[in-house]
Number of protein chains: 2
Amino acid sequence: MITRMSELFLRTLRDDPADAEVPSHKLLIRAGYVRPVGPGLYSWLPLGLKVLRKIEKIVREEMDAIGGQEILFPALLPRGPYEATNRWTEYGDNLFRLQDRRANDYLLGPTHEEMFTLTVKGEYSSYKDFPLRLYQIQNKYRDEARPRAGILRGREFLMKDSYSFDVDDEGLEKAYRAHREAYQRIFDRLEVRYVIVSAVSGAMGGSASEEFLAESAVGEDTYVRCLESDYAANVEAVVTLVPDPIPVDGQPPATVYDTPGTPTIATLVDWANEADLPQFAGRTVTAADTLKNVLVKVREPGGEWELLAVGVPGDREVDDKRLGAALEPAEYALLDDADFARHPFLVKGYIGPKALQANGVRYLVDPRVVDGTSWITGADEQGRHVVGLVAGRDFTPDGTIEAAEVREGDPSPDGAGPLVAARGIEIGHVFQLGRKYTDAFSADVLGEDGKPVRLTMGSYGVGVSRLVAVIAEQQHDELGLRWPGSVAPFGVHVVIANKDAEARAGATELAGELDRVGIEVLLDDRQASPGVKFKDAELLGVPWIVVVGRGWADGVVELRNRFSGEKRDLPVADAAAEIAAAVR
Amino acid sequence: MITRMSELFLRTLRDDPADAEVPSHKLLIRAGYVRPVGPGLYSWLPLGLKVLRKIEKIVREEMDAIGGQEILFPALLPRGPYEATNRWTEYGDNLFRLQDRRANDYLLGPTHEEMFTLTVKGEYSSYKDFPLRLYQIQNKYRDEARPRAGILRGREFLMKDSYSFDVDDEGLEKAYRAHREAYQRIFDRLEVRYVIVSAVSGAMGGSASEEFLAESAVGEDTYVRCLESDYAANVEAVVTLVPDPIPVDGQPPATVYDTPGTPTIATLVDWANEADLPQFAGRTVTAADTLKNVLVKVREPGGEWELLAVGVPGDREVDDKRLGAALEPAEYALLDDADFARHPFLVKGYIGPKALQANGVRYLVDPRVVDGTSWITGADEQGRHVVGLVAGRDFTPDGTIEAAEVREGDPSPDGAGPLVAARGIEIGHVFQLGRKYTDAFSADVLGEDGKPVRLTMGSYGVGVSRLVAVIAEQQHDELGLRWPGSVAPFGVHVVIANKDAEARAGATELAGELDRVGIEVLLDDRQASPGVKFKDAELLGVPWIVVVGRGWADGVVELRNRFSGEKRDLPVADAAAEIAAAVR
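Residues numbered from 1 in each chain as written. Chains lettered and ligands numbered in written order. Predicted model: local features only at pLDDT ≥ 70, side-chain atom pairs only at ≥ 80, totals over all residues. Heavy atoms only, no water.

(A) Just the overall build of chain A, in detail. Check the secondary structure of chain A and you find 15 helices and 30 strands. A principal-axis box enclosing the C-alpha atoms of chain A has dimensions of 95 × 65 × 45 Å. Within the span of chain A, comprising 584 residues, buried residues form 55% of the whole. In chain A, 69% of the contacts between residues at least 6 apart in sequence involve partners at least 24 apart. As presented, chain A carries roughly 24,500 Å² of accessible surface, and 49% of it is formed by carbon and sulfur atoms. (Helix = DSSP H or I, 4+ residues; strand = E, 2+ residues; numbered from the N terminus. Buried < 20%, exposed > 50% of the residue type's maximum accessible area, 1.4 Å probe, protein only. Contact = heavy atoms within 4.5 Å. Areas by Shrake-Rupley, 256 points an atom, 1.4 Å probe, with all protein chains shown as cover.)

(B) Region of the structure containing the pattern of salt bridges. Residue and element names in this part refer to chain A. Applying the stated criterion across every chain, the model contains 97 salt bridges over all chains. The closest approach of N and O atoms between Arg526 and Asp524, which form a salt bridge, is 2.9 Å. A relative accessible area of 22% means that Arg526 is categorised as partly exposed. For Glu578, the salt bridge is made with Arg568, and the minimal N-O distance between the two is 3.3 Å. Of this pair, Glu578 sits in helix α15 (residues 572–583) while Arg568 sits in strand β30 (residues 567–571), and the two are ten residues apart along the sequence. Among the residues examined, Glu578 registers a relative accessible area of 30% and is labelled partly exposed. The exposure class of Arg568 is partly exposed, given its relative accessible area of 34%. Through salt bridges that share partners, Lys57, Glu61, Glu62, Arg185 and Arg189 make up one connected network. (Salt bridge = Lys/Arg side-chain N within 4 Å of Asp/Glu carboxyl O.)

(C) Seen up close, the side chain of A:Asp410. All names here are of chain A. Here Asp410 shows up in the loop between β21 (399–400) and β22 (419–434). One polar contact links Asp410 to Arg316, side chain to side chain, over a distance of 2.8 Å. Once residues lying within four places of it in the same chain are set aside, the contact partners of Asp410 are Arg316, Arg368, Glu405, Gly417, Pro418 and Leu419. (Polar contact = N/O pair within 3.5 Å; in protein donor to acceptor, adjacent residues only side chain to side chain.)

(D) Quick look at the relation of the copies chain A and chain B. Mapping chain A onto chain B calls for a screw motion: a turn of 180 degrees about the axis and a shift of 0.0 Å along it, with 0.2 Å RMSD after fitting. The transformation relating the two chain copies, once decomposed into turn and shift, fits a two-fold axis. Minimal C-alpha distance to the rotation axis in chain A is attained by A:Leu98, lying at 2.6 Å. The share of interface residues of chain A whose copies in chain B are also at the interface is 100%, consistent with both copies meeting through the same surface. (Least-squares fit on C-alpha atoms with pLDDT ≥ 70 in both.)

(E) Quick peek at the domain arrangement of chain A. Partitioning chain A into domains gives domain 1 (19–73 + 112–193 + 435–473), domain 2 (255–400) and domain 3 (492–583). One C-alpha centre belongs to domain 2 of chain A, the other to domain 3 of chain A; they are set 70 Å apart. (Domains from an automatic or database assignment.)

(F) Just the packing of aromatic side chains, in detail. What the rule picks out here adds up to 24 aromatic pairs over all chains. What links up through ring pairs into an aromatic cluster is the set A:Tyr183, A:Phe187, A:Tyr194 and A:Phe212. Sitting over the face of the ring of A:Phe340, A:Lys348 holds its NZ or CZ atom 4.9 Å from the ring centroid. Its guanidinium or amino end placed over the ring of B:Phe534, B:Arg560 lies 4.6 Å from that ring's centre, counting from NZ or CZ. (Phe/Tyr/Trp six-rings, centres within 6.5 Å; stacked < 30°, edge-to-face > 60°. Lys NZ or Arg CZ within 6 Å of the ring centre and 35° of its normal.)

(G) A look at the sheet that holds strand β18 (residues 362–365) of chain B. Residue and element names in this part refer to chain B. Pairing in this open sheet of five strands is mixed, and the strands run β17-β15-β16-β18-β21 from one edge to the other. The open sheet has two free edges, formed respectively by β17 (331–334) and β21 (399–400), since each of these has just one partner strand. Where strand β15 (residues 291–299) meets strand β16 (residues 305–313), nine bridges bridge the pair, whose relative direction is antiparallel. Note on β16: the bridge partner recorded for Arg299 is Trp305. Packed onto the sheet, helix α8 (residues 320–327) meets β15, β16 and β17 and runs at close to 140 degrees relative to β17. (Pairing = 2+ DSSP bridges. Axes fitted to C-alpha atoms, helices over the stretch in contact; angles between N-to-C directions.)

(H) How the structure looks around the sheet that holds strand β19 (residues 374–381) of chain B. Residue and element names in this part refer to chain B. Taken in spatial order, the three strands make up an open sheet running β14-β20-β19, and their pairing is antiparallel. If you trace the sheet from one side to the other, it starts and ends with β14 (255–258) and β19, each paired once. Averaged over all pairs of adjacent strands, the angle between their axes in this sheet comes to 30 degrees, without regard to strand direction.

(I) Representation of helix α7 (residues 265–275) of chain B within the structure. Residues and elements named next belong to chain B. Of the residues making up α7, those classed as buried are Ile265, Leu268, Val269, Trp271 and Ala272. Seen end-on, α7 carries its buried residues on one side only, within an arc spanning 160 degrees. Seen from the buried face of α7, the exposed residues on the opposite side, beyond 90 degrees, are Ala266 and Glu274. Where α7 is buried, its residues meet β14, β15, β19 and β20 (384–390). Once α7 finishes, Asp276 follows within two positions and takes phi at roughly 50 degrees, a positive value. (Arc of directions from axis to C-beta.)

(J) Just the nonpolar core, in detail. Core analysis: the largest hydrophobic core is formed by 68 residues, its most contacted members being A:Leu76, A:Leu108, A:Phe165, B:Leu76, B:Leu108 and B:Phe165. In contact with B:Leu76, not counting residues within four places along its chain, are A:Leu41, A:Phe96, A:Leu108, A:Tyr141, A:Glu156, B:Leu98, B:Tyr106, B:Leu107 and B:Leu108. (Core = buried A, V, L, I, M, F, W, Y, C linked by side-chain atoms within 4.5 Å.)

(K) Representation of the packing of helix α2 (residues 46–65) of chain A against helix α12 (residues 464–475) of chain A in the model. Residues and elements named next belong to chain A. Here α2 crosses α12 at 115 degrees, and the two axes come no closer than 9 Å. Classified by chirality, the crossing of α12 by α2 is right-handed. Contacts between α2 and α12 involve Val51, Leu52, Ile55, Glu56 and Val59 from the former and Val464, Ser465, Leu467, Val468 and Ile471 from the latter. (Left-handed = near helix turned anticlockwise from the far one by under 90°.)

(L) Just the interface of chain A and chain B, in detail. Residue-level contacts link 53 residues of chain A with 53 residues of chain B. Overall, the association of chain A and chain B removes approximately 4,700 Å² of surface from exposure, summing both partners, and the carbon and sulfur fraction of that is 57%. On the chain A side of the interface with chain B, the three residues burying the most area are A:Phe9, A:Arg101 and A:Glu123, jointly 17% of the side's total. Counting across the interface, chain A meets chain B through seven salt bridges. Remark: the boundary between chain A and chain B carries 26 residue pairs in polar contact (both at pLDDT 80 or more). (Buried area = accessible area lost by both parts, 1.4 Å probe.)

(M) The arrangement of unusual backbone geometry in detail. Cis rather than trans, the peptide bond between B:Phe130 and B:Pro131 has omega equal to 5 degrees. B:Pro329 follows B:Glu328 through a cis peptide bond whose omega is 10 degrees. Assignment of secondary structure puts B:Pro329 in the loop between α8 and β17. The residue A:Glu191 is not glycine, and still its phi comes out positive at about 60 degrees.

(N) Summary view of helix α5 (residues 113–123) of chain A. Burial analysis of α5(A) places eight of its eleven residues in the buried class, which makes it a mostly covered element. For α5(A), the complete set of buried residues consists of A:Glu113, A:Glu114, A:Met115, A:Phe116, A:Thr117, A:Thr119, A:Val120 and A:Glu123.

(O) Seen up close, the pairing of strand β9 (residues 156–166) of chain A. Residues and elements named next belong to chain A. Summarising burial for β9: eleven of the eleven residues are buried, a large majority. Burial along β9 is two-sided: Glu156, Leu158, Lys160, Ser162, Ser164 and Asp166 facing one way and Phe157, Met159, Asp161, Tyr163 and Phe165 facing the other are all buried. Two strands pair when backbone bridges link them, and strand β8 (residues 132–141) and β9 are joined in this way by ten bridges, in the antiparallel orientation. Considered in β9, the bridge of Leu132 is made with Phe165. Relative to strand β25 (residues 456–463), β9 is paired through eight bridges, and the arrangement is antiparallel. When the sheet's bridge partners are listed, Met159 is paired in β25 with Gly463.

Okay, structure coming up:
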């Protein structure tokens, strides 16, 4: 079927919408692919819907290829199952909640782990039924605090979510790898530039979790990568390269000094350099020579608040996200004045390992604080610090924690070189959930030995609607959108740029020939100037543009490639065949 | 791709689910097509989703064929547009309402007239842009008071809704006819038995409105039809066949009688027969000789309550739905004691035209109350009635109203014969909305004469997910489901009913041959008894079943038709070709 622009429900806009921030958002609106309906809510107009459906189809094909079976849940879900896993509460303001006419609680599904687990438990009962891979392609809902960037972060969005169920870890590992590879094929077919980054999967045991991030300067996710290797990770997931321990023998003893008015690292470093400390033999003291002890309180799910001290080199801040990820599923909070009042051994600005350990406070340090490292740190008295406090000799932490900030230039954990920071947009996530949800619902089946086996589970997601914006973001140029052939709304855009009736008829016939060989054709048959039509063709971004223009009189049409800008004349007689060959 | 039952996510159930009322609901659950998630909420398992998608595809093809352009709105919508048309309030408890984290109001879309009108207004501005036909296939939400019968009436359901926009009535009429014909093609392709019934479109002017009802004993919609013609209508839409007027001359004068203790029609008729009234010359008086005056109060939108009297022959009740439909968009209510106290001229049980008209009460009568008809009715005094009150002589109503009940045996409005009652399930609706929504949003475009033209609009719906249940309801038999080829989850169900390894291999090869010629094959390769497999095959309802069983040794397989039950043996060598020919 040929789509005629004279009939297509489409109006392109000359100007950028006022509230659009990122290029993909501006262009998708200007080109008439989507329209805003409310904050984070968009309607898909014909061209946008075509691209969305093509992406959906590719995702479906690759899921089917790894044995995924498609099912479909409602988006409107009862509270019960989400109460059982505590996600009804945990999701906080991000969850859309509502009541029905009988005042029963419902939610709009943000993701469906609970429902899939319950369904599998309801249907299957034997180890023989596994492995099992189920998926759905469905609208999800999240009440984002700041819906932004158009469909990059909407409040109603199309997602492919799949769930694997296995009776053993080996099965889970296989399912995980199958999904990971399927996602690589999906993003390759979509011609998306992406990296796979290690992601934190919480403190629930070393389950694997990786994110697929599309490379983009407007991405909300920061990650680090090593240009000398293929290492890439979310900041939360970066593991510190641990230096070798240093011999303790021969190091000078720890000495306490009066350091009046030095409650900050900067004032402390100034004092140390002015004091000309013998321990430093004339070299300049830096913040990296100090050990900063940050106090928080931590609460395990269902537990009581407990103090935790985090020791990091003074040249680094504690990174909230890394600390949070390291402590998960426990939550943490900063201490308030009442907390300090209750624990007088905590001398603000002068906290050291001694008082912490004497008072039984759990004390975790940055992995760089290896045995033999020597530190300037608090002496637990107002206006006093200790110099030359050696780890493993003068204090012994309870363990290490990945809470210090990650910086560009830090060594890559694989030792291949320095890390650089980059930004990306999350387009996929693979996650070995393990038994979190099957435990919550006691999802057991009969094992080969006749005993019950608890199922183990993975969850995997692809942001289908978001990918429309991601491709627009990565592929656009200053003239407009550019779509890879796999997802373009049309294969060829035929522009009639000649008012001659014969040229018009010839263009329509050419469109018909292309249609007959299975190429989707957009025919610009409008009464408009060639200039308007060319601008629209560039804005809409169909990868191949055919111009039936002045050359018609000489028996040629022009074929343009929207990506390379390359143009060439084709004799009318061969045009259909040549175009078909180029498009394929 | 061959689907192997050993891997398919499917468990059939031997017993009917406890809470299922109608056959389609029982069978779709037993056969593993859907599963309940909550009241009126269902998940689609693999087989159900396949059928749903095939119906969706047929609907899409037919909408595209009439020039429909597919777009897609969010289901989550802001309150504003629905406030503008008052539907935020009018929908009452049927609307799912919710708030976001900023306490802004949202709803889950029950239908999208507002959004389409605003979108068209936003994009288009000239008469040249029309006609325009837009549609979407999307989840809709309605908080039904009694979600019942499984997916026949769910609270989240898939619907195709389309909207036509035209600059004149002729265009609307064309769009209406195009949709009506497309719907006929859709339901014909789905092999659904249906009738098209006239539906009331409110009192907003004679806009056409018709419903497509699938014939079904479990349907919630009652309609009437004439077996001698193709007349069919919703009870609300039945127009009374009006008798000819009767000459007034020579009719005896009206006479008032003491009729103590006759506040009901039954007691009044008894009195009349005992009184041996000369007006009836010995024939028996029946309830049809009496005129019953029912008082209600009516309020136009934004107006005040006003009295309305409805006069109907005493042998008929006033039908709430017909009265409501006749009065729409006004609402009505019964009178309470305070109302009667405020209007002492209303003598309960003895209300007659005289007092009504003397006190300025609007008085509408059944169309059967034509000039010259003579009635026994109230005399507006306790215990008194008037006999021989002749319409057009003794009283003149303010008009007629279609409020009396419709009964089987009533004459069809087309005069072709009697009406019979039937039940159906609404599967489609076509509706000439006119300018209701374009007025609400001042949706004007520039006309050919340079002056603004208000757009006129139609709305059209098909219940896509409901159709899965409707087909199941109409086609099932006592053994299970039966799917027409156009929507069956598979073309052929191959049952391996022979443990012999060669037979097994042969069945798999046959499945492969069918797959290669484009037939979707379900292969029952499970380790189960032939009896279990046959029962499941009958329950699942694939239209053609191939049994590779005992006959294998003699070189034959059996082909069964699930509808006719017909079986025939096919030589193995020809089997694939013969089966392919049968399926096509």
